[in-house]
Amino acid sequence: MKAAILDILRQSAAVVSGEAISGKLGVSRVSVWKHIRRLQELGYRIAAGPQGYHLLHSPDALFPWEFGQREARIHYHARVDSTMNIARQLARENCPAFTVVIAGRQQRGRGRLNRRWYSAAGGLYFTIVLRPQISPSLSARVNFYASLTLVQTLQEELGVAAAVKWPNDILVGERKLVGMLSEMESEGGEVSFINIGIGINVNNNPVLQEPNAVSLKEIVGKPLQRRPLLEAFLDRLEQKSDQAVLPQIIDQWKRHTTTLGRSVRVVTRQAVFEGLAVDVDATGALLQQQDDGTLQVITHGDCFHGIPRSSVGSRQGRK
Ligand code: BTN
């Protein structure tokens, strides 16, 4: 109903009477008024007078009714602990693929390797439920597909030249714009769901907690609407999702990464590896060349670029 009322108001440059809205939608004028009141409370500036209603301004809103055909699959929460927890619950309850859980803020936003992801107002925080019919061993490709798709979206929609840092961080220059976290459950040798959680610094100020982070607002020089960016990403992700599991996805990802060919340090829960990042294999693992020429295959971890050449090659310590 809110989507329909907003549609009518957006189509008219002039005031629209309550009677006209109730006639078009087949509901009472009192019901229209209640919805208008709720929209006003949610931040829509709607002038209400004896002649009717006039929409003056819509907030940078991520409410389900702003997502058109996707409305039923969008779950918006102004405040949550983590969108990962809600998405996991929904996925276990058999929600459809491409269900998206969005939060205005997260009180316990989760990062990789048990880190915290600070989630202040203005950022874009969401988890998307994917259900590819694949074996768990191929699941990393889906993460690579998601980060690649987001890099392409940023480039095509906003002209932002972003690149991926292995495995799935998105950087602009050397500063982190996007963090990505995924969770998978499988049954009988097949993936049941892969939930991909994405945090994008849009209008928030991440440098307060992360000096090496950057926001889109800082890059483009003005605040941005989050919904069009999210929709553009979801459109692309859904359109080509059958390609997510193809081996070629890793080749495409390689064209958008700044990790390969560099000296990197990779920190895992157990160890620290330093060496030259030479390739990523078909499963998404990083191949790192050690001093003696051998290749270390690293399946997960946090990767740091720009390790001085002198210290690269041999170090392989415990954390
Ligand atoms: C990282 O870079 O360490 C990954 C950060 C992932 C953050 C996102 S925000 C939405 C989703 N919910 C969470 O709790 N985490 C992910």
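Thresholds applied
- Residues numbered from 1 in each chain as written.
- Predicted model: local features only at pLDDT ≥ 70, side-chain atom pairs only at ≥ 80, totals over all residues.
- Heavy atoms only, no water.
- Helix = DSSP H or I, 4+ residues; strand = E, 2+ residues; numbered from the N terminus.
- Buried < 20%, exposed > 50% of the residue type's maximum accessible area, 1.4 Å probe, protein only.
- Contact = heavy atoms within 4.5 Å.
- Patch = residues over 30% accessible without salt bridge, like charges linked within 9 Å, V, L, I, M, F, W, Y side chains within 5 Å.
- Areas by Shrake-Rupley, 256 points an atom, 1.4 Å probe, with all protein chains shown as cover.
- Salt bridge = Lys/Arg side-chain N within 4 Å of Asp/Glu carboxyl O.
- 1 Å grid on protein atoms, 1.4 Å probe; cavity = no way out; pocket = protein on both sides within 12 Å on 5 of 7 lines; lining within 4 Å.
- Points joined across faces, edges and corners; volume = space filled by probe spheres on them.
- Nonpolar A, V, L, I, M, F, W, Y, C, P; charged D, E, K, R; others polar.
- Near = heavy atom within 4 Å.
- Polar contact = N/O pair within 3.5 Å; in protein donor to acceptor, adjacent residues only side chain to side chain.
- Expected span 1.5 Å × (residues − 1).
- Pairing = 2+ DSSP bridges.
- Axes fitted to C-alpha atoms, helices over the stretch in contact; angles between N-to-C directions.

With that out of the way, let us pick up the overall build of the protein. A count of helical and extended segments in the protein gives eight helices and 15 strands. Across its three principal axes, the protein shows a C-alpha extent of roughly 80 × 45 × 30 Å. For the protein, buried positions account for 48% of its 319 residues. Looking at the protein alone, contacts between residues at least 24 apart form 63% of all its contacts between residues at least 6 apart.

Turning next to a nonpolar patch on the surface. On the surface, Leu158, Ile219 and Val220 cluster together into a nonpolar patch covering about 180 Å² of accessible area. With respect to the helices and strands, valine 220 occurs in helix H6 (residues 216-220). On the accessibility criterion, valine 220 (30% relative accessible area) is partly exposed.

Enumeration over the complete set of coordinates arrives at two cavities of 30 Å³ or more. As a volume, the largest cavity reaches approximately 170 Å³. Every residue lining the largest cavity is counted, 20 residues in all, and those nearest its centre are Arg110, Trp117, Gly179, Leu181 and Gly197. It is strand S8 (residues 175-187) that provides the largest number of residues to the lining of the largest cavity, a total of four residues. The residue makeup of the lining of the largest cavity, split by class, is seven nonpolar, eight polar and five charged. The wall of the second largest cavity is formed by Tyr145, Leu148, Thr149, Gln152, Lys240, Gln243, Ile249 and Gln252. In terms of residues, the lining of the second largest cavity owes the most to one element, helix H5 (residues 139-158), which gives four residues. Residues of the lining of the second largest cavity, tallied by class, amount to three nonpolar, four polar and one charged.

In this section: the site of the ligand. In the vicinity of the ligand, 20 residues are found, and the nearest of them are Ser82, Gln106, Arg110, Arg112 and Lys176. Threonine 83 has a polar side-chain atom sitting 2.9 Å from a nitrogen atom of the ligand. Between arginine 112 and the ligand, the recorded distance is 2.7 Å, taken from a backbone N or O atom to an oxygen atom. For the ligand, the accessible surface in isolation is 410 Å², of which the surrounding protein chains cover 100%.

Spanning 20 residues, H5 covers 29 Å between terminal C-alpha atoms, matching the ideal 28 Å at 1.5 Å per step. Along H5, 15 of the 20 residues are buried, which leaves the element largely enclosed by surrounding structure.

Another point: the sheet that holds strand S7 (residues 169-172). A sheet is described by the order of its strands in space; here seven strands give the open sequence S3-S4-S5-S9-S8-S7-S6, paired in mixed fashion. Each end of this open sheet is capped by a strand with a single partner; those strands are strand S3 (74-80) and strand S6 (163-165). Mean inter-strand twist for the sheet, computed between neighbouring axes without regard to direction, equals 20 degrees. Examined bridge by bridge, S7 and S8 share three bridges and lie antiparallel to one another.

Counted by the stated rule, this structure contains 21 salt bridges. Its salt-bridge partner being glutamate 41, residue arginine 38 comes within 3.0 Å of it at the nearest N-O pair. Of the two residues, arginine 38 and glutamate 41 are both situated in helix H3 (residues 29-41); the distance of three residues between them amounts to about one turn of the helix. Its relative accessible area of 39% is what places arginine 38 among the partly exposed residues. With a shortest N-O distance of 2.8 Å, glutamate 231 and arginine 227 are connected by a salt bridge. One end of the pair, glutamate 231, and the other, arginine 227, are both in helix H7 (residues 226-239), four residues apart, so they sit about a helical turn from each other. Here glutamate 231 falls in the buried class, since its relative accessible area comes to 18%. Among the ionic contacts, a cluster of salt bridges with common partners joins Arg70, Arg73, Asp235 and Glu238.

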